Amino acid sequence: MSYCVNCGVELDASATKCPLCDTPVYNPKAPEPEKQPSPFPREKGQVEVVKRKDLGVLLTVIVLATAVTCGLLNAFVFRSSLWSLAVIGVVLVLWVIMIPVVIYTRQPIYLSIMLDGVAVIVYLYLLTYLTGHNSWFYGLGLPIVLLVTAVVEAVMFCIRKLPMSFLTGALYLISGIAVLCVGLELLIDRFLRQEIALGWSAIVLTICVIVDITIATLLSRRRLRNAVRRRLHF
């Protein structure tokens, strides 16, 4: 006959815990239970990492298969329009963007940006076959892509070749946004109204100039720059 060491209630011989207070029952004369082996392996395995080259081949095959199948569907089934050119253009742009990420990581950043711009230009040119005319491509699409590519190239050059910090990076980026907005409005006005006049982009330009002057002042005044850094934690 045994009793609970916590509350003193009488325990059954086969009890493993007290029915009243749930205190575990321990019999020093009982044999130790055998430990069952764990169903999980003791050593941690590691799944083999997919090689970047193999991933690039897989993605290239998927992209190529998408372009070919859509072209065949357009040629033999849905022949009312050249809709497959839009899909092929998108696939081309995605593949070009994927090159420096998966296929060839050592590709210079300037070359990657230029190839992205070329891929977008090709895509827009393919869309001219869907719209039936190409005046919008030469008058608006092509100049905008060239402008965006040039601005991104210039900002990237400043970031990589000139002194770089949080403030200087913001200075380069804001200046690029100002140039881009002004250029976009001038190109759109020239295409739509055959005239060049600043409107909404002048507001963006004014704000960007104010911010650039503020950042330039912070960069030229060391004590002011350090005080701002301490308070903004950058």
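Scroll up a little and you will see the structure.
## Digging into the pattern of salt bridges
Thought 1: Applying the stated criterion across every chain, the model contains 2 salt bridges.
Thought 2: Of the charged contacts, one joins D189 and R193 as a salt bridge, the two residues approaching to 2.9 Å between their closest N and O atoms.
Thought 3: Overall, D189 belongs to the buried group, its relative accessible area being 7%.
Thought 4: Note that E195 and R193 form a salt bridge whose closest N and O atoms lie 3.9 Å from each other.
Thought 5: For E195, a relative accessible area of 39% corresponds to the partly exposed category.

## Quick look at the packing of aromatic side chains
Thought 1: Evaluated as defined, the whole model comprises 4 aromatic pairs.
Thought 2: Residues Y125 and Y129 carry aromatic rings whose centres are separated by 5.7 Å and whose planes lie at 90° to one another, so their mutual orientation is edge-to-face. Note that Y125 and Y129 are positioned in helix α3 (residues 109–131) at a spacing of 4 residues, about one turn of the helix.
Thought 3: Residue Y125 is classed as partly exposed on the basis of its relative accessible area, which comes to 33%.

## What about helix α5 (residues 166–192)?
Thought 1: The first and last C-alpha atoms of α5 sit 39 Å apart over 27 residues, in line with the 39 Å expected at 1.5 Å per residue.
Thought 2: Q194 sits one or two positions beyond α5 and adopts a positive phi of about 55°.

## So, the side chain of N74
Thought 1: On the secondary structure map, N74 appears in helix α1 (residues 52–76).
Thought 2: Since its relative accessible area comes to 6%, N74 is described here as buried.
Thought 3: One polar contact links the side chain of N74 to the main-chain amide nitrogen of W83, over a distance of 3.3 Å.
Thought 4: Not counting residues within four places of it along the chain, the set of residues in contact with N74 comprises R79, S81, L82, W83 and S84.

## A word on the state of the cysteines
Thought 1: Evaluation of the coordinates by the stated rule reveals 0 disulfides.
Thought 2: In this structure C21 is a free cysteine whose sulfur lies 3.6 Å from that of C18, the closest cysteine sulfur available.
Thought 3: Using a relative accessible area of 27% as the deciding quantity, one classes C21 as partly exposed.

Conventions adopted
- Residues numbered from 1 in each chain as written.
- Predicted model: local features only at pLDDT ≥ 70, side-chain atom pairs only at ≥ 80, totals over all residues.
- Heavy atoms only, no water.
- Salt bridge = Lys/Arg side-chain N within 4 Å of Asp/Glu carboxyl O.
- Buried < 20%, exposed > 50% of the residue type's maximum accessible area, 1.4 Å probe, protein only.
- Phe/Tyr/Trp six-rings, centres within 6.5 Å; stacked < 30°, edge-to-face > 60°.
- Helix = DSSP H or I, 4+ residues; strand = E, 2+ residues; numbered from the N terminus.
- Expected span 1.5 Å × (residues − 1).
- Polar contact = N/O pair within 3.5 Å; in protein donor to acceptor, adjacent residues only side chain to side chain.
- Contact = heavy atoms within 4.5 Å.
- Disulfide = S-S within 2.5 Å.

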